[in-house]
Structures are given as C-alpha cells and as structure tokens.
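# Coordinate analysis (summary)
In case you want the letters, here they are:
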Amino acid sequence: MKWHSYLNSAKNFISQYKGDQPFHLFLKEQFRANKKMGSRDRKWISRLCYGYFRLGQSVKHQPFEDQLLAGIYF
C-alpha cells in the first residue's frame, strides 16, 4: 500500500466510526473485515487514526488529509 491508500483507509475508518464502542475495538473489527492489510499497513493506518483523534479540534480548519498528517507530525 502507498501513502494515499493509508490516508484513504484511515479516512474511511474514521468516517464510519459512530462512537458506539471504543475505537480500538472498532478498528480491530475493520481490520478483521479487510484481511488484505498486512501488519505494517495496519500499524500506519492505526497511527493516522489515533493521531487524528489526539489533535481534537485544533486543526479543524485544515483539509481532512492534512489533519491526518498533522496528527502524525505532532
């Protein structure tokens, strides 16, 4: 997978997340449903997702992909 695939996967997972269960359980279910992802892919997608949630409202004025990347940077 390339970076744009990681970003698209993280974007899809975050948009599908409704908050009815803890995110780590939701992410585990998503990875179980998408068996094509290897361990390195899962690691980077998880980092992008958790970085997005870690930033909270601080970069909401940026495009979504930039928010994901900012989470990795900070």
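Residues numbered from 1 in each chain as written. Predicted model: local features only at pLDDT ≥ 70, side-chain atom pairs only at ≥ 80, totals over all residues. Heavy atoms only, no water.

### Quick word on helix α2 (residues 23-33)
Among all positions of α2, only F23, F26, L27, Q30 and F31 are buried. Within α2, the buried residues cover an arc of 135 degrees as seen down the axis, which keeps them to one side. For α2, the exposed residues lying more than 90 degrees away from the buried face are K28, R32 and A33. (Buried < 20%, exposed > 50% of the residue type's maximum accessible area, 1.4 Å probe, protein only. Helix = DSSP H or I, 4+ residues; strand = E, 2+ residues; numbered from the N terminus. Arc of directions from axis to C-beta.)

### A few points about the packing of aromatic side chains
Counted according to the given criterion, the structure contains 8 aromatic pairs. Where F23 meets Y50, the ring centres are 5.5 Å apart and the plane angle is 85 degrees; that geometry is what we call edge-to-face. Of this pair, F23 sits in helix α2 while Y50 sits in helix α3 (residues 39-55), placing them 27 residues apart in sequence. A relative accessible area of 9% means that F23 is categorised as buried. Accessibility expressed as a relative area gives 33% for Y50, which makes it partly exposed. (Phe/Tyr/Trp six-rings, centres within 6.5 Å; stacked < 30°, edge-to-face > 60°.)

Any functional reading would require information beyond the geometric quantities listed.
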